[in-house]
Amino acid sequence: MALVLRNVYQTFNYFFTEYKDPRVEHYPLLGSPWPIAVVIILYLKFVKDWGLRFMEHRKPFQLKTVMNVYNFIQIILNLYIGIAGGFNSYFAPDYSWSCESINQKDNPSRRKLIFITYLYFISKIIDLLDTVFFVLRKKYNQITFLHTYHHAGMVVATYIFTKFLAGSHATLLGLINSFVHVIMYFYYFLTSFKPELKHSLWWKKHITQVQLLQFTILMLHFGIPLLGGYCDFPKVLLFIGFTQNMFMFTLFADFYIKAYIKKK
């Protein structure tokens, strides 16, 4: 058993030493993976245990002002990530629309893209507050397994992406996802002033359509080079990107059909 653990540790240490991107080493939380592991553990512990015990004999907090500020910050942050990230990647002269391999180019636009990628990673940590607010407002029905899995998983995924794959073919996922979050947080911000919009199928229907469009674009983005075989981006990562977005498209399409087509 000790030998197995030793081999696992050596493999893990080799991977993090040989494949790390030196351009991101100076950013907080991108060195050792243990701080991120602690963040995830504390998040899950609060959501599943500490937070529930803290709120057991308390009335739900309103948090309207706090959430308005939070939603506004999320709108500005994601809008900046989407726009600045696009200009320093797909509109940069040395970036390929069809296939951007894993590389460690070092020029002004690429350094800016690395910083924006880091901001995207930080935004996923900030997103964990969504669930914290659910706990403090006693909206326990919204704390599903899928919700917590998605938020915790995105922190891990963006950590790996920023540390090893920054500026590569997977960049488009973060750019599109940021614009989708702008729309979502704008909707949340708007409904805080006009609660009647929460019952508007028009808003919810079009937000779901935007999400379906997001998954369609990303399926093509990962699927075409995977089938074409012309891209030196790792095939396993292209396959994971394609299947994950196909899975999410299937879930959202099923929801869309049941909520807006059959119901209508």
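Residues numbered from 1 in each chain as written. Predicted model: local features only at pLDDT ≥ 70, side-chain atom pairs only at ≥ 80, totals over all residues. Heavy atoms only, no water.

Trainee: What exactly am I supposed to notice about the overall build of the protein chain here?
Mentor: Scanning the protein chain from terminus to terminus reveals 9 helices and 0 strands. Reading the protein chain from its N terminus to its C terminus gives the helix and strand order α-α-α-α-α-α-α-α-α. The proportion of buried residues among the 264 residues of the protein chain is 44%. When the accessible surface of the protein chain is summed, it comes to about 15200 Å², and 71% of that surface belongs to carbon and sulfur atoms. (Helix = DSSP H or I, 4+ residues; strand = E, 2+ residues; numbered from the N terminus. Buried < 20%, exposed > 50% of the residue type's maximum accessible area, 1.4 Å probe, protein only. Areas by Shrake-Rupley, 256 points an atom, 1.4 Å probe, with all protein chains shown as cover.)

Trainee: In this structure, what is going on with the packing of helix α2 (residues 34-55) against helix α5 (residues 129-136)? I would like to understand it.
Mentor: Packing of α2 against α5 brings their axes to within 9 Å, and their N-to-C directions diverge by 20°. In terms of axis orientation, α2 runs roughly parallel to α5. For the pair α2 and α5, the crossing hand works out as right-handed. Within the contact between the two elements, α2 uses Y43, F46, V47, G51, L52, F54 and M55 and α5 uses T131, V132, V135 and L136. Along the lines of polarity and charge, the residues of the contact of α2 with α5 split into 9 nonpolar, 2 polar and no charged. (Axes fitted to C-alpha atoms, helices over the stretch in contact; angles between N-to-C directions. Parallel < 35°, antiparallel > 145°, perpendicular 65-115°, else oblique. Left-handed = near helix turned anticlockwise from the far one by under 90°. Contact = heavy atoms within 4.5 Å. Nonpolar A, V, L, I, M, F, W, Y, C, P; charged D, E, K, R; others polar.)

Trainee: Help me understand the environment of D106 in this model?
Mentor: On the secondary structure map, D106 appears in the loop between α3 (64-87) and α4 (108-126). Given a relative accessible area of 53%, D106 falls into the exposed group. A distance of 2.9 Å separates the side chain of D106 from the side chain of R111, its partner in a polar contact. (Polar contact = N/O pair within 3.5 Å; in protein donor to acceptor, adjacent residues only side chain to side chain.)

Trainee: Where do I start with the nonpolar core in this structure?
Mentor: Looking at soluble globular proteins, one finds that nonpolar side chains tend to be buried together. Ranked by internal contacts, the top residues of the largest apolar core, which has 29 residues, are Y27, L30, I36, F121 and V155. Breaking this core down by element, the ones donating at least two residues are α2, α3, α4, α5, α6 (145-164) and α7 (171-193). Not counting chain neighbours up to four residues away, the residues in contact with L30 comprise V24, E25, Y118, F121, Y159, T162 and K163. Y95, I176, Y187 and I207 belong to the second-largest nonpolar core, a separate cluster that totals 22 residues. (Core = buried A, V, L, I, M, F, W, Y, C linked by side-chain atoms within 4.5 Å.)

Trainee: Can you help me understand the pattern of salt bridges in this one?
Mentor: For the structure on display, the rule yields 8 salt bridges. Measuring nitrogen to oxygen at the nearest pair gives 2.9 Å for the salt bridge that ties K163 to E25. One end of the pair, K163, is in helix α6; the other, E25, is in the loop between α1 (2-18) and α2, and 138 residues separate them in sequence. Taken together, the salt bridges that share partners define one network made up of K45, D49 and R53. (Salt bridge = Lys/Arg side-chain N within 4 Å of Asp/Glu carboxyl O.)

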